[in-house]
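# Descriptive structure summary
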Amino acid sequence: MQMLTLDFEDDCALIGIHSTEEDYRLAFLLNKNLNIKFVRFKQPLDFKDSNAEFPIFEYKDEHNFISYYLINNKDIHTETNHISEGLFGGNYSTTSYLIPEKKKIDYFLKIEGSNVLFIADLVEKLNRIKQIITSFSIDTNTLKSKNNLIF
């Protein structure tokens, strides 16, 4: 019996982005500065055992056969505690991460169908956008939770 294996590293590249912008605003800035057209998925990325939802923006460059995905790394979920008495009453929030080992990264840009030179050039262009604090290529071999990026 032959087993099918999924090789994440050969299929795509990953860029980490630090920015204080909201996800829709960052997608707009990338559209404007990189001449692409991100569109938000109707359904966010979610997981069976979690309340967390991670918005996804997608752009498929059919001319160059490249797919781009902008994914928020953080989900802040506000819980309402119906018992408002005592020390622990009221609302509280929980933060979930798409890739928990990279908590300081705000967004991931997943690119399918590119090469190393293209990624280096893209990182350079991203770093020229003033609303992006920094961006950098991520070696997917170092990620424990890289399966969270398969969708």
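A brief look at the structure comes next. Please read all numbers here as calculations on a predicted model, not as lab measurements. (Residues numbered from 1 in each chain as written. Predicted model: local features only at pLDDT ≥ 70, side-chain atom pairs only at ≥ 80, totals over all residues. Heavy atoms only, no water.)

Time to look at the overall build of the chain. Counting its regular elements, the chain contains three helices and ten strands. Reading the secondary structure of the chain in the N-to-C direction produces α-β-α-β-β-β-β-β-β-β-β-α-β. Counting only residues that meet the buried cut, the chain has 38% of its 151 residues in that class. Of the roughly 10100 Å² of accessible surface on the chain, 49% is carried by carbon and sulfur atoms. (Helix = DSSP H or I, 4+ residues; strand = E, 2+ residues; numbered from the N terminus. Buried < 20%, exposed > 50% of the residue type's maximum accessible area, 1.4 Å probe, protein only. Areas by Shrake-Rupley, 256 points an atom, 1.4 Å probe, with all protein chains shown as cover.)

An order of S2-S5-S6-S9-S1-S10 is seen for the six strands of this open sheet, with the pairing classed as antiparallel. In this open sheet, the two edge strands, each paired with only one partner strand, are strand S2 (39-40) and strand S10 (132-138). Pairing analysis gives two bridges linking S2 to strand S5 (residues 56-61), with the strands arranged antiparallel. Looking at S5, one finds that Arg40 is bridged to Phe57. Along the sheet, helix H3 (residues 116-127) contacts strand S1 (12-19), strand S6 (66-72), strand S9 (107-112) and S10; its crossing angle with S10, the most-contacted strand, is approximately 170 degrees. (Pairing = 2+ DSSP bridges. Contact = heavy atoms within 4.5 Å. Axes fitted to C-alpha atoms, helices over the stretch in contact; angles between N-to-C directions.)

Attention now moves to the layout of surface pockets. Considered as a void within the structure, the second largest pocket measures approximately 170 Å³ in volume. Elements with a minimum of two residues in the lining of the second largest pocket: helix H2 (23-34), S5 and H3. The greatest single-element share of the lining of the second largest pocket, amounting to four residues, is contributed by H3. Here the residues of the lining of the second largest pocket are counted per class, giving six nonpolar, two polar and three charged. (1 Å grid on protein atoms, 1.4 Å probe; cavity = no way out; pocket = protein on both sides within 12 Å on 5 of 7 lines; lining within 4 Å. Points joined across faces, edges and corners; volume = space filled by probe spheres on them. Nonpolar A, V, L, I, M, F, W, Y, C, P; charged D, E, K, R; others polar.)

Let us look at H2. Taking 1.5 Å of rise per residue, twelve residues should cover 16 Å, and H2 covers 16 Å from first to last C-alpha, within 8% of that figure. Taken from the residues just after H2, Asn35 is the one with a positive phi, measuring 55 degrees. (Expected span 1.5 Å × (residues − 1).)

This part takes up the nonpolar core. If you look at the biggest cluster of nonpolar residues, it comprises 23 residues, and the most contacted ones within it are Ile15, Ile17, Leu30, Phe38, Leu70, Leu109 and Leu126. Elements that contribute at least two residues to this core include exactly S1, H2, S5, S6, S9 and H3. Excluding anything up to four places from it in sequence, Leu70 contacts Ile17, Asp23, Leu26, Ala27, Leu30, Phe38, Pro55, Ile56, Phe57, Tyr107, Phe108 and Leu109. Ranked by size, the runner-up nonpolar core spans twelve residues in total, among them Ile56, Tyr69, Phe108 and Leu143. (Core = buried A, V, L, I, M, F, W, Y, C linked by side-chain atoms within 4.5 Å.)

On to the pattern of salt bridges, then. This structure, assessed with the given rule, holds six salt bridges. With its nearest N and O atoms 3.4 Å apart, the salt bridge here joins Lys74 to Asp106. Residue Lys74 is found in strand S7 (residues 74-81), and its partner Asp106 is found in the loop between strand S8 (90-97) and S9; the two are separated by 32 residues along the sequence. For Lys74, a relative accessible area of 30% translates into the label partly exposed. Between Glu112 and Lys110 there is a salt bridge, and its shortest N-O distance comes to 3.4 Å. Note on Lys110: relative accessible area 3%, which makes it buried. (Salt bridge = Lys/Arg side-chain N within 4 Å of Asp/Glu carboxyl O.)

From the geometry alone we can't say anything about function, so treat these as descriptive.
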